[in-house]
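Inside the fold
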Amino acid sequence: MKQTMLSAGKLLDEHGRLQQAGYATSLVREYDREAIRASRLRIKEWDYYLVYNGSFGVALTLADNAYMGLISASFLDFENRTERTVSPMFFFPMGQTHLPASSGAGVSRKTLKNAQIQFSHEGEGRRLRARIENFANGRPFACDILLTEEPRDSMVIATPFPDRPKAFYYNQKIIGMRAKGTVTYDGRVLAFSPEDAFGLLDWGRGVWTYENTWYWGAAQGMVEGHVVGFNIGYGFGDLSAASENMLFVDGVAHKLDRLTFHIPTGADGREEYLSPWTFTSCDGRFEMDFQPILDRAARTDARIVLSDQHQVFGRFTGRALLDDGTELYLKDFLGFAEKVYNKW
């Protein structure tokens with residue numbers, strides 16, 4: 001499909017509608033919360049970081065979703081195929097968390113009685129600090145991580161919702177930053193080294209519709225001396241102007257067309273998330289097998305609010321083509337793929 005590249009300018013017009021839908025490799029459109037003309041209860045803003053090496057990982061989230069906010073931390077143990085997630089919530093922040101209007105500046109922070117989190121810019125890097133009491137076996141979780149060597153390019157997309165003209169999603173994925181620091185989990189102190197640990201940012205701001213499903217996947221690591229990563233996904237909003245699929249090699253983006261996640265199902269028709277998946281592309285530029293390791297699953301059903309999440313970590317093996325036709329082969333390349341259904 002023909003994909004539209006975003007031009008510079010304000011994200012929303014005077015009526016609170018997207019001025020342009022499409023993709024970019026940086027935040028060329030300016031997000032301004034005050035320009036939103038939809039209900040303040042529908043605004044959702046978050047910063048999500050995922051840091052990992054071949055053995056373990058950490059996921060950190062700070063979200064202000066109008067009537068509900070949260071601090072969330074996950075510890076991912078790839079060797080033992082286990083995970084632990086704790087997500088203290090706070091209610092009706094309505095933007096008072098003051099998350100920055102750009103990923104490139106400002107501080108994201110929140111302090112609760114038994115949890116603190118802060119994402120800040122420090123020199124040429126991003127510093128991630130968090131602490132949650134009573135995280136595992138009565139012991140706290142804590143981390144202090146510095147992400148450096150931010151790549152030149154990132155995946156940026158401005159997505160409309162056709163039946164809701166004042167709804168939109170503005171999203172950036174920065175993939176393949178080097179990571180160093182420590183994490184304390186269940187009484188152990190573990191270290192990330194920039195030689196084999198990488199971090200990504202999922203930065204999102206927008207006005208969402210009430211019910212939605214999305215598919216998202218990403219991976220990052222070293223391939224023959226090069227820093228390689230990718231972002232893949234679909235299902236959320238109208239992506240007719242551009243896909244959110246992109247490869248990165250040494251910080252340079254290579255744009256992909258449409259992809260499909262093939263999640264295996266059992267005889268009852270339900271997804272079997274820990275069985276092998278496959279990924280195919282409309283033009284043959286991204287063809288992967290995926291061997292799951294663990295499913296970070298979470299389900300909340302409070303009638304009017306429902307969330308069913310399956311973030312599956314595993315290893316990708318297959319072939320991708322760069323923009324110039326160069327073949328990129330991945331083998332047991334650690335990353336994740338997820339399916340999330342929300343009514344909120």
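For the structure, see preceding data.
Cut-offs used in this document
- Residues numbered from 1 in each chain as written.
- Predicted model: local features only at pLDDT ≥ 70, side-chain atom pairs only at ≥ 80, totals over all residues.
- Heavy atoms only, no water.
- Helix = DSSP H or I, 4+ residues; strand = E, 2+ residues; numbered from the N terminus.
- Rg over C-alpha atoms; globule rule 2.2 N^0.38 Å.
- Contact = heavy atoms within 4.5 Å.
- Areas by Shrake-Rupley, 256 points an atom, 1.4 Å probe, with all protein chains shown as cover.
- Lys, Arg positive; Asp, Glu negative; His and termini not counted.
- Charge placed at Lys NZ, Arg CZ, Asp CG, Glu CD.
- 1 Å grid on protein atoms, 1.4 Å probe; cavity = no way out; pocket = protein on both sides within 12 Å on 5 of 7 lines; lining within 4 Å.
- Points joined across faces, edges and corners; volume = space filled by probe spheres on them.
- Nonpolar A, V, L, I, M, F, W, Y, C, P; charged D, E, K, R; others polar.
- Phe/Tyr/Trp six-rings, centres within 6.5 Å; stacked < 30°, edge-to-face > 60°.
- Buried < 20%, exposed > 50% of the residue type's maximum accessible area, 1.4 Å probe, protein only.
- Lys NZ or Arg CZ within 6 Å of the ring centre and 35° of its normal.
- Polar contact = N/O pair within 3.5 Å; in protein donor to acceptor, adjacent residues only side chain to side chain.
- Salt bridge = Lys/Arg side-chain N within 4 Å of Asp/Glu carboxyl O.
- Patch = residues over 30% accessible without salt bridge, like charges linked within 9 Å, V, L, I, M, F, W, Y side chains within 5 Å.

Structural notes on the overall build of the chain
- Within the chain, the secondary structure is distributed over zero helices and 25 strands.
- Computed over the C-alpha atoms, the radius of gyration of the chain is 19 Å, within 12% of the 20 Å expected from 2.2 N^0.38 for a compact globule of 344 residues.
- If you line up the chain on its principal axes, its C-alpha atoms span 50 × 50 × 50 Å.
- Contacts in the chain between residues far apart in sequence, at least 24 positions, make up 56% of those at least 6 positions apart.
- Of the roughly 14800 Å² of accessible surface on the chain, a fraction of 48% belongs to carbon and sulfur atoms.
- Taken together, the 39 basic and 43 acidic charged side chains of the chain have centroids lying 7 Å from each other.

With respect to the side chain of Arg296
- Considering the arrangement of structural elements, one finds Arg296 in strand E23 (residues 286-301).
- Residues within four places of Arg296 in sequence aside, it is in contact with Ser74, Leu76, Glu83, Thr85, Gln309, His310, Gln311 and Phe313.

Quick word on the layout of surface pockets
- Quantified by volume, the largest pocket comes out at close to 1100 Å³.
- In this structure, the largest pocket is lined by 46 residues; those nearest its centre are Leu70, Ser307, Gln309, Asn342 and Trp344.
- Here the residues of the lining of the largest pocket sort into 24 nonpolar, 15 polar and seven charged.

Description of the packing of aromatic side chains
- Within the structure shown, the criterion is met by 36 aromatic pairs.
- Geometrically, the ring pair formed by Trp46 and Tyr169 is tilted, given 6.1 Å between the ring centres and 50° between the ring planes. Linking Trp46 in strand E4 (residues 43-52) with Tyr169 in strand E14 (residues 168-185), this pair joins segments that are 123 residues apart in sequence.
- The buried category is assigned to Trp46, whose relative accessible area is 11%.
- Ring plane angle 65° and centroid distance 5.8 Å describe the contact between Tyr215 and Phe261, whose orientation is recorded as edge-to-face. On the criterion of sequence distance, the pair formed by Tyr215 in strand E17 (residues 211-223) and Phe261 in strand E21 (residues 259-262) is long-range, its members being 46 residues apart.
- Overall, the relative accessible area of 18% leaves Tyr215 in the buried class.
- The structure contains a cluster of three or more aromatic residues connected by ring pairs, namely Tyr215, Phe230, Tyr234, Phe261, Tyr273, Trp277, Phe279, Phe286, Phe290, Phe316 and Phe333.
- The cationic tip of Lys255 hangs over the ring face of Tyr23; the distance from NZ or CZ to the ring centre is 4.9 Å.

So, the side chain of Arg33
- Along the chain, Arg33 falls in the loop between strand E3 (29-30) and E4.
- One polar contact links Arg33 to Glu45, side chain to side chain, over a distance of 3.0 Å.
- If we skip the residues at most four places from it in the chain, Arg33 touches Arg40, Ile43, Glu45, Met94 and Gly95.

Digging into empty space enclosed by the protein
- The tally for this structure, following the rule as stated, stands at one cavity of 30 Å³ or more.
- Volume-wise, the largest cavity comes out at about 100 Å³.
- Where the lining of the largest cavity is concerned, the elements lending two or more residues are E4, strand E10 (115-122) and strand E16 (198-207).
- For the lining of the largest cavity, the class distribution of residues is six nonpolar, six polar and three charged.

Digging into the pattern of salt bridges
- Scanning the entire structure with this criterion turns up 15 salt bridges.
- A salt bridge links Asp308 to Arg299, with the shortest nitrogen-to-oxygen separation between them at 3.3 Å.
- According to the relative accessible area criterion, Arg299 is exposed, its value standing at 53%.
- The structure contains a network of salt bridges with shared partners spanning Glu122, Arg127 and Asp144.

Considering the environment of Tyr329
- Within the secondary structure, Tyr329 is located in strand E25 (residues 327-343).
- For Tyr329, the contacting residues outside a window of four places in its chain are Val223, Gly318 and Arg319.
- At a separation of 2.5 Å, a polar atom in the side chain of Tyr329 contacts the side chain of Glu327.

Considering unusual backbone geometry
- The backbone phi angle of Asn134 is positive, close to 50°, even though this residue is not glycine.
- Within the element layout of this structure, Asn134 appears in strand E11 (residues 125-136).
- Positive phi, normally seen in glycine, also occurs at Asp186, with a value near 50°.
- Here Asp186 is to be found in the loop between E14 and strand E15 (188-192).

A closer look at a nonpolar patch on the surface
- The grouping of Leu41, Met89, Phe91, Phe92 and Met94 at the surface amounts to a nonpolar patch, some 520 Å² of accessible area in total.
- Inspection of the secondary structure puts Phe92 in the loop between strand E8 (89-91) and strand E9 (108-112).
- Of the residues examined, Phe92 reaches a relative accessible area of 57% and is grouped as exposed.

Concerning a positive patch on the surface
- Taken together, the side chains of Arg17, Arg37, Arg40 and Lys166 define a basic patch exposed on the protein surface.
- Within the secondary structure, Arg40 sits in the loop between E3 and E4.

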